[in-house]
Amino acid sequence: MKLQHILFILVLLLLFDTGFARQTASVNGYITDSRTGETLLMANVALLEINRGTSSNTSGYYTITNIEPGSYTLAASYIGYRRFELEIDLEPGQNLRINIELIPESVEMEALVVEAEAEREEQRNIGTAQVSMQLIKDLPSVIEPDVFRSVQLLPGVKAASDFSSGLYVRGGSPDQTLILLDETTVYNPTHFFGFFSTFNPDAVKDVRLYKGGYPAQYGGRIGSVLTVYNKDGNRVENQGTVSLGLLASRASFEGPYSRGSYMLAVRRSTIEPVLAVLRQSIDGAPDLFYFYDVNGKINFDATDNDRFSLAFYAGNDNVAIPFQDDANIRLKYGNQTVSAQWRRIFTDKIFGFFTATGSRYFNQPNVSIAGTSFERDNDIFDFSLKADLEYLPNEYHSISGGFWGGNMVLRFRDRFDNVDTFSNRIQSQYLSAYLQNRWRPSNEWIFTGGLRLNTFSEGNYVRLEPRISAEYRPGSRVRLQAAYGRYNQFLTLISNEAFSGLDIWLTTDEGVPPAYGDQFVLGAKTVPRSGWGFDAEIYYRTMRDLFELDPFVTDAAGLDYAELFRFGEGYAYGVELFLEKQRGPVTGFLGYTYSITRRKFPGFNAPILDDPTRARFYPPKYDRTHDVNLTANYQLSSRWSTNAVFSYATGQAYTEPLGRTQFADIPWANSPRDTFTIGNLNASRLPSYHRLDIAFTRSGRFFDLGDAEWQFQIINVYSRRNVWFYNYDFDENPIVRNDVNLLPIIPSVSYTVNF
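One numbering rule holds for all chains: residues counted from 1, following each sequence as written. In keeping with the predicted nature of the model, local features appear solely for residues at pLDDT of at least 70, side-chain atom pairs appear and are counted solely at 80 or more, and the whole-chain, interface and lining totals rest on all residues. The side-chain numbers reported here are obtained from all heavy atoms of the structure, hydrogens and water having been left aside.

Undergrad: How should the overall build of the chain be read in this particular structure?
TA: Runs of H or I in DSSP of at least four residues are treated as helices and runs of E of at least two as strands, each being numbered from the N terminus. Within the chain, the secondary structure is distributed over five helices and 47 strands. Only protein chains enter the accessibility calculation, which uses a 1.4 Å probe; a residue is then buried when its area is under 20% of its type maximum, exposed when over 50%, and partly exposed in between. Sorting the 755 residues of the chain into buried and exposed places 52% on the buried side. Contacts were defined at the residue level, with two residues in contact if any of their heavy atoms lie within 4.5 Å. Restricting the contact set of the chain to residue pairs at least 6 apart, pairs at least 24 apart contribute 64%. Where accessible areas are quoted, they stem from the Shrake-Rupley method and a 1.4 Å probe; at the residue level, only the protein chains shown are allowed to cover. When the accessible surface of the chain is split by element, carbon and sulfur atoms take 57% of a total near 33,200 Å².

Quick look at the structure:
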């Protein structure tokens with residue numbers, strides 16, 4: 001019997017073994033920040049006398065069911081907050097609603113903060129990583145505090161270059177990561193040609209990365225999932241933030257109203273003065289270069305059991321660059337998303353949320369030469385409905401299920417001199433459903449099994465995905481974990497690492513099957529001593545039926561859709577280590593990754609003297625064998641603090657030209673002909689990459705109107721001239737190679753006021 005069949009049977013046993021419920025009491029409610037009213041995700045709550053507990057879900061809701069009547073101590077905790085305890089009495093059949101407000105810690109209250117490692121372990125399910133918003137804001141950054149740049153510091157996540165915020169997770173390309181903003185898919189989450197992400201740190205409250213082996217509630221990508229949740233808005237008092245920077249500035253406002261709360265955050269680049277100076281001395285400096293984004297959310301508390309929310313995002317990049325006296329390039333691209341959600345507490349054992357989403361991605365390049373224009377319109381429209389239900393029949397099982405269905409439209413149009421030259425429209429319907437059971441037979445063991453069914457109309461594909469994970473806790477400070485999952489992907493991205501403004505998404509179809517892969521993960525999460533954490537994970541993943549446009553197809557006219565693609569395979573494996581210091585005057589983490597990823601496509605990278613239809617595995621450009629990231633935070637005084645980030649990585653892979661042979665006196669040629677000899681595909685390596693960034697922060701007051709903060713930063717402190725790529729001059733003999741470098745040393749300053 002195959003391994004997949006055995007795992008499938010185990011998943012079914014987990015799904016349908018729910019035990020027997022009995023007449024008991026229950027306690028449930030929302031866990032929030034006492035200062036703002038924001039719900040807290042994955043906060044921990046427990047009844048101490050019976051050692052029974054749970055975590056709040058993505059809506060901040062918790063429930064503990066099937067409790068024997070009696071007196072208990074209800075305790076709740078969350079990283080960075082004071083512990084909550086309350087004595088409660090439960091009667092037979094009682095459903096007790098207790099909304100818990102946790103008090104944020106501060107320097108003065110440090111002695112009162114609970115030193116409980118168990119709570120931190122709850123944040124560390126297999127393949128999962130969470131990045132705090134405070135860390136994102138504190139770390140040195142070139143233009144803006146950036147979600148993606150901070151995520152790139154985690155083990156298993158690669159950065160392509162200083163100019164790319166794309167996420168390369170465990171050997172996967174950026175299109176293999178599903179990115180969700182308030183449950184809505186974001187198709188191009190970048191600004192500034194991919195330099196940093198679209199997520200405004202003032203608007204975001206939670207960032208969570210599922211690097212691999214993720215559960216059945218997510219699907220659609222064969223690699224990983226990044227979930228981002230916007231703030232609900234302060235439910236206690238009106239609050240605002242204004243931040244001024246050299247290249248970008250932002251502002252946010254939030255507060256309560258009679259039945260809920262609201263939040264609005266705006267951000268815009270302020271690079272125009274720099275461009276005005278550059279245009280005086282540099283030919284070809286952009287005539288126009290700016291971006292902006294707007295985030296908003298409004299919440300309505302209809303009843304104690306019903307909450308509604310409406311969230312939106314809009315972002316836009318505009319650039320115009322002259323490249324001749326009568327020629328210029330104009331580019332406009334961006335994203336727009338909207339989501340409406342209803343969260344409902346049906347009973348003490350059933351919680352659900354229902355979401356309607358809309359997402360649009362567009363890019364519109366325009367090239368004009370001597371009054372003649374070439375235009376291209378590329379649009380994605382994605383509208384969907386989602387439903388998720390959680391059911392807790394007893395203390396041993398937590399069952400969840402749901403569906404996600406939608407309609408996707410991809411439009412592509414070329415125009416030359418105001419005349420349409422090519423137009424294509426693809427419309428696809430998709431539907432997925434999942435069922436998952438988390439079974440805890442004892443305090444030491446936790447098993448999670450799930451099934452996900454995916455359908456996609458283009459090609460009429462139906463795919464079933466089993467997921468299973470297990471966790472064993474031999475002691476209070478050790479968790480041993482394992483996970484397996486099958487994943488499918490119906491989309492592929494045509495992009496450029498150096499520039500993400502012209503991204504094109506393509507779908508499966510008849511003759512173009514979806515990509516699929518299996519993931520295997522082993523992990524150990526430990527607490528070696530108080531205030532410290534050490535995690536280790538080993539992973540192996542396969543990638544089958546990878547599909548992308550065939551680079552050898554030079555003329556697509558008359559070809560079927562399937563003939564435009566080539567199909568390949570790949571694999572990746574690695575080891576990730578993560579050491580974190582969580583308390584004390586110095587905090588931070590050290591992450592190390594050893595990883596290998598390979599790809600293979602028929603007829604590509606074939607041996608020269610062998611069958612040209614054969615192919616060999618090769619490393620993609622973003623393959624890096626070793627990655628090290630070190631972050632440190634030190635509180636210098638009551639007003640001053642400093643943060644530093646050091647990164648080291650193996651140089652990227654590239655294909656090296658080895659030489660040139662010139663043939664002269666060819667009868668049918670007017671001049672000598674050159675033949676170039678190149679090495680194996682991506683067999684050479686650029687020099688190793690390393691960089692040190694440092695920031696100093698001074699806190700104070702702004703005319704007694706609010707708290708203020710200066711941040712002084714130096715990017716690339718010792719001005720390491722890391723190589724982006726080599727540029728070869730083939731007109732010279734011998735061939736001349738020039739380095740194209742990444743960022744030099746860059747100072748930066750920003751000023752933020754919170755009122």
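Undergrad: Please clarify how the pairing of strand β47 (residues 746-754) should be interpreted in this entry.
TA: On a regular strand, one side chain projects to one face of the sheet and the next to the other, so that they alternate. Pairing between strand β18 (residues 239-245) and β47: five bridges, direction antiparallel. What sits directly across from S243, in β47, is T752. Bridge count for strand β44 (residues 707-715) against β47 is nine bridges, and the pairing is antiparallel. Note on β47: the bridge partner recorded for E709 is T752. Pairing between two strands is assigned when DSSP locates at least 2 bridges connecting them.

Undergrad: Is there a simple way to think about the environment of G233 in this case?
TA: With respect to the element layout, G233 can be found in the loop between β17 (224-230) and β18. Judged by relative accessible area, which is 0%, G233 ranks as buried. Residues G233 and A203, spaced 30 residues apart in sequence, show a C-alpha to C-alpha distance of 8.9 Å. With near-sequence residues (within four places) excluded, G233 lies in contact with T36, E38, E254, S261, Y262 and M263.

Undergrad: How should I be thinking about the packing of aromatic side chains in this particular structure?
TA: The way to describe two aromatic rings as a pair is by their centre distance and the angle between their planes. Between 30 and 60 degrees the pair is tilted, below 30 it is stacked and above 60 it is edge-to-face, where a pair is any two Phe, Tyr or Trp rings, Trp via its six-membered ring, whose centres lie within 6.5 Å. The tally for this structure, following the rule as stated, stands at 35 aromatic pairs. Considering the side-chain rings of W710 and F712, the 5.9 Å spacing of their centres and the 10 degrees angle between planes classify their relative orientation as stacked. Judged by relative accessible area, which is 37%, W710 ranks as partly exposed. By way of ring pairs, the aromatic residues W640, F702, F703, W710, F712 and Y751 are connected into one cluster. In this arrangement the basic side chain of R307 is found over the ring face of Y30, its NZ or CZ atom lying 3.9 Å from the centre. Working rule: Lys NZ or Arg CZ, within 6 Å of ring centre, within 35 degrees of ring normal, means a charge sits over the ring.

Undergrad: What should I look at first to understand the pattern of salt bridges in this one?
TA: Pairing between side chains becomes possible if they bear opposite charge and their charged atoms approach one another. The term salt bridge refers to a side-chain nitrogen of Lys or Arg lying within 4 Å of a carboxyl oxygen of Asp or Glu. Following the criterion strictly, the structure yields 35 salt bridges and no others. One salt bridge in this structure joins E471 and R473, with 2.6 Å as the shortest N-O distance. Each member of the pair E471 and R473 is classed as buried. Of the charged contacts, one joins D707 and R701 as a salt bridge, the two residues approaching to 2.9 Å between their closest N and O atoms. Several salt bridges share partner residues, and in doing so they unite E38, D182, K205, D232 and K297 into one network.

Undergrad: Sorry, what's going on with empty space enclosed by the protein here?
TA: Empty space among the atoms becomes visible once a probe the size of a water molecule is rolled across them. The pocket and cavity definitions rest on a 1 Å grid over protein atoms only: a 1.4 Å probe that fits but cannot leave marks a cavity, an open set with protein on both sides within 12 Å along at least five of seven lines marks a pocket, and residues lining either have an atom within 4 Å of a point. Grid points are joined across faces, edges and corners, and a volume is the space filled by probe spheres set on the points. According to the stated counting rule, one finds nine cavities of 30 Å³ or more in the structure shown. Roughly 550 Å³ of volume is contained in the largest cavity. Residue assignment for the lining of the largest cavity shows that the elements contributing at least two residues are α4 (147-151), β10 (157-158), β37 (626-635), β38 (640-649) and β43 (689-701). Of the residues forming the lining of the largest cavity, the biggest block, five residues, is contributed by β38. All residues other than Ala, Val, Leu, Ile, Met, Phe, Trp, Tyr, Cys, Pro, Asp, Glu, Lys and Arg, Gly among them, are scored as polar; the first ten of these are nonpolar and the last four charged. Each residue belonging to the lining of the largest cavity can be placed in one class, and the counts come to 18 nonpolar, six polar and nine charged. Space inside the second largest cavity adds up to approximately 270 Å³.

Undergrad: Just checking my understanding: could you explain the sheet that holds strand β6 (residues 84-90) for this structure?
TA: Each strand in a sheet pairs with another by means of backbone hydrogen bonds, the pair being arranged parallel or else antiparallel. On the basis of which strands lie adjacent, the open sheet formed by four strands has the order β3-β2-β5-β6 and antiparallel pairing. Each edge of the open sheet carries a strand with a single partner, namely β3 (52-55) and β6. If you compare each strand with its neighbour and ignore which way they point, the axes differ by 20 degrees on average. Pairing of strand β2 (residues 44-47) with strand β5 (residues 70-77), which is carried by four bridges, proceeds in the antiparallel orientation. Considered in β5, the bridge of A46 is made with A75. Throughout, an axis means a line fitted to C-alpha atoms (over the contacting stretch in the case of helices), and angles, computed between N-to-C directions, take values from 0 to 180 degrees.

Undergrad: Got a minute to help me understand the sheet that holds strand β16 (residues 204-210) in this structure?
TA: Strand order in the open sheet made by the five strands is β9-β16-β17-β12-β13, with mixed pairing throughout. This sheet does not close on itself; its edge strands, each paired only once, are β9 (128-131) and β13 (184-185). With five bridges connecting them, strand β12 (residues 177-181) and β17 associate as parallel partners. In the sheet register, L178 faces β17, and the bridge partner there is V225.

Undergrad: Sorry if this is basic, but what is going on with the nonpolar core here?
TA: It is characteristic of soluble globular proteins that their nonpolar side chains tend to be buried jointly. To define a nonpolar core, start from buried Ala, Val, Leu, Ile, Met, Phe, Trp, Tyr and Cys residues and group those joined through side-chain atoms within 4.5 Å. Counting residues in each nonpolar core, the largest one holds 42 residues, and the members touching the most others are Y187, Y218, I380, M408 and W505. Non-local contacts of M408, meaning those with residues more than four positions away in its chain, are made with Y187, I380, F381, D382, I426, Q427, S428, Y430 and L491. Core analysis: the next-biggest nonpolar cluster, separate from the first, contains 22 residues, Y72, A76, Y78 and I98 among them.

Undergrad: Please clarify how the side chain of T190 should be interpreted in this entry.
TA: Within the element layout of this structure, T190 appears in strand β14 (residues 190-191). Judged by its relative accessible area of 8%, T190 falls in the buried class. Two N or O atoms count as a polar contact when they lie within 3.5 Å, although within protein this holds only if one can serve as hydrogen donor and the other as acceptor, and sequence-adjacent residues are included solely when both atoms are side-chain atoms. Looking at T190, its side chain comes within polar contact range of the side chain of N188, at 2.7 Å.

Undergrad: Sorry if this is basic, but what is going on with the confidence of the model for the chain here?
TA: When pLDDT is low, close inspection of the predicted coordinates is not appropriate. Taken as a whole, the chain shows an average pLDDT of 86; of its residues, 90% reach a score of 70 or greater. Per-residue pLDDT stays below 50 along residues 107-122; that stretch engages in 34 contacts with residues further than four places along the chain or on separate chains. What pLDDT reports is the predictor's confidence in each residue, on a scale of 0 through 100.

Undergrad: Please clarify how the pairing of β3 should be interpreted in this entry.
TA: In this sheet, β3 lies alongside β2 in antiparallel orientation, the contact comprising four bridges. Residue N44 lies in a different strand from β3, and its bridge partner there is S55. The hairpin formed by β2 and β3 contains four residues between the paired strands, and N51 there has a positive phi angle of roughly 55 degrees.

Undergrad: Explain the environment of Y292 here, please?
TA: With respect to the element layout, Y292 can be found in strand β21 (residues 288-301). When its relative accessible area of 32% is taken as the criterion, Y292 is described as partly exposed. Here the alpha-carbon distance between Y292 and A248, two residues 44 residues apart in the chain, equals 9.2 Å. If we skip the residues at most four places from it in the chain, Y292 touches H191, R267, R268, A314, G315 and N316.

Undergrad: Mind showing me how you'd approach unusual backbone geometry here?
TA: One can expect most non-glycine residues to show negative phi and most peptide bonds to be in trans. Positive phi outside glycine occurs at M42, with the angle close to 65 degrees. Mapped onto the elements of the fold, M42 is located in the loop between β1 (25-33) and β2. The phi dihedral of N716 falls on the positive side, at around 60 degrees, and the residue is not glycine. Turning to its location among the elements, N716 is positioned in the loop between β44 and β45 (723-729). Overall, N716 belongs to the buried group, its relative accessible area being 0%.

Undergrad: What should I look at first to understand a nonpolar patch on the surface in this one?
TA: Taken together, the side chains of F253, Y257, Y262, L264, V266, I298, F300, F308, L310, F312, V338 and F755 present a nonpolar region at the surface, about 970 Å² in accessible area. Elements supplying a minimum of two residues to the nonpolar patch: β19 (248-257), β20 (260-269), β21 and β22 (306-324). Relative to the helices and strands, L264 is located in strand β20. The exposure class assigned to L264 is partly exposed, which follows from its relative accessible area of 37%. Like charges within 9 Å and nonpolar side chains (Val, Leu, Ile, Met, Phe, Trp, Tyr) within 5 Å are joined into patches, using only residues over 30% in relative accessible area that form no salt bridge.

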